[in-house]
Amino acid sequence: MTAQTPAFLLDPRLEAHSFPVTDLSLCTVRLMDDARFPWLILVPRRPELVELIDLDPSDRATLSAEIDAASRALKAVTNCHKLNVAALGNMVRQLHVHVIARFEGDPAWPGPVWGVGERRSHAAPQAMMFGSKLRAALGASA
């Protein structure tokens, strides 16, 4: 009898607080639902990952390349002053990487975005337009 590999499932909290943008070869890319900050979340589509060290070496290299691509796309679309990249996982254990465009004078500048003020939801049409720009910058089809 062989053990069955569990299927990848996106954590419900990530799904509830973000919009789908596209799927890359490893990660699903999502736009965080906080209009104050242009904020992508990359989630490797592998089951039961918690830490970066849980990825095999090939997937770890792919994740690094996809973080690079997402960072470049976000910078191209927003012309931000700084990019913040982090994999914390204290609130949501599922492995995910935040790529956040930062601007001098944004509501959290120069500190981290977490725990600052109240989240401001995107209007769906704006989120869809921004997602379309990001997909184009990532070279993904709409």
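That block above? That's the structure.
To keep things clear, this report deals only with the structure shown in the data block. (Residues numbered from 1 in each chain as written. Predicted model: local features only at pLDDT ≥ 70, side-chain atom pairs only at ≥ 80, totals over all residues. Heavy atoms only, no water.)

**So, helix α2 (residues 57–78)**
Taking 1.5 Å per residue as the helical rise, α2 with its 22 residues ought to reach 32 Å, and the 31 Å between its terminal C-alpha atoms agrees with that figure. By the burial criterion, the buried members of α2 are Asp 59, Leu 63, Glu 66, Ile 67, Ala 70, Ser 71, Ala 73, Leu 74 and Thr 78. For α2, the angular spread of the buried residues around the axis is 165°, confining them to a single face. Exposed side chains of α2 directed beyond 90 degrees from the buried face belong to Pro 57, Ser 58, Arg 72 and Ala 76. Buried residues in α2 make contact with β2 (27–32), β3 (39–44), β4 (82–86), β5 (97–102) and α3 (124–138). The opening residue of α2, the one whose side-chain oxygen lies 3.1 Å from the backbone nitrogen of Ser 58, is Asp 56. Once α2 finishes, Asn 79 follows within two positions and takes phi at roughly 55°, a positive value. (Helix = DSSP H or I, 4+ residues; strand = E, 2+ residues; numbered from the N terminus. Expected span 1.5 Å × (residues − 1). Buried < 20%, exposed > 50% of the residue type's maximum accessible area, 1.4 Å probe, protein only. Arc of directions from axis to C-beta. Contact = heavy atoms within 4.5 Å. Polar contact = N/O pair within 3.5 Å; in protein donor to acceptor, adjacent residues only side chain to side chain.)

**So, the packing of aromatic side chains**
Scanning all chains against the criterion turns up two aromatic pairs. Ring geometry for Phe 37 versus Trp 39: centroids 6.3 Å apart, planes at 70°, classification edge-to-face. With a relative accessible area of 4%, Trp 39 lands in the buried category. Ring centres of Trp 39 and Trp 114 lie 5.8 Å apart, and the angle between their planes is 85°; this geometry places the pair in the edge-to-face category. Of the two residues, Trp 39 sits in strand β3 while Trp 114 sits in the loop between β5 and α3, which places them 75 residues apart along the sequence. (Phe/Tyr/Trp six-rings, centres within 6.5 Å; stacked < 30°, edge-to-face > 60°.)

**Examining the pairing of β3**
For β3, the buried fraction is high: six of the six residues fall into the buried class. With burial as the criterion, each face of β3 is covered, one bearing Trp 39, Ile 41 and Val 43 and the other bearing Leu 40, Leu 42 and Pro 44. Direction of pairing for β2 relative to β3: antiparallel, over a ladder of five bridges. Along β3, the bridge assignment pairs Leu 31 with Leu 40. Here β2 folds back onto β3, and the loop between the two strands holds six residues. Bridge analysis of β3 against β5 gives four bridges, and the strand direction is antiparallel. Directly across from Trp 39, in β5, lies its bridge partner Ile 100. (Pairing = 2+ DSSP bridges.)

**Notes on the pattern of salt bridges**
If the charged atoms of two oppositely charged side chains come close together, the side chains can form a pair. For the structure shown, the criterion picks out seven salt bridges. The residue Asp 59 makes a salt bridge to Arg 46 at a minimum N-O spacing of 2.8 Å. With Asp 59 in helix α2 and Arg 46 in the loop between β3 and α2, the pair connects residues that are 13 residues apart, well separated along the chain. Classification of Asp 59 as buried rests on a relative accessible area of 11%. Here Asp 68 and Arg 72 are joined by a salt bridge, their closest N and O atoms 2.8 Å apart. Of this pair, Asp 68 and Arg 72 both sit in helix α2, four residues apart, roughly one helical turn. Classification of Asp 68 by relative accessible area gives partly exposed; the value is 36%. (Salt bridge = Lys/Arg side-chain N within 4 Å of Asp/Glu carboxyl O.)

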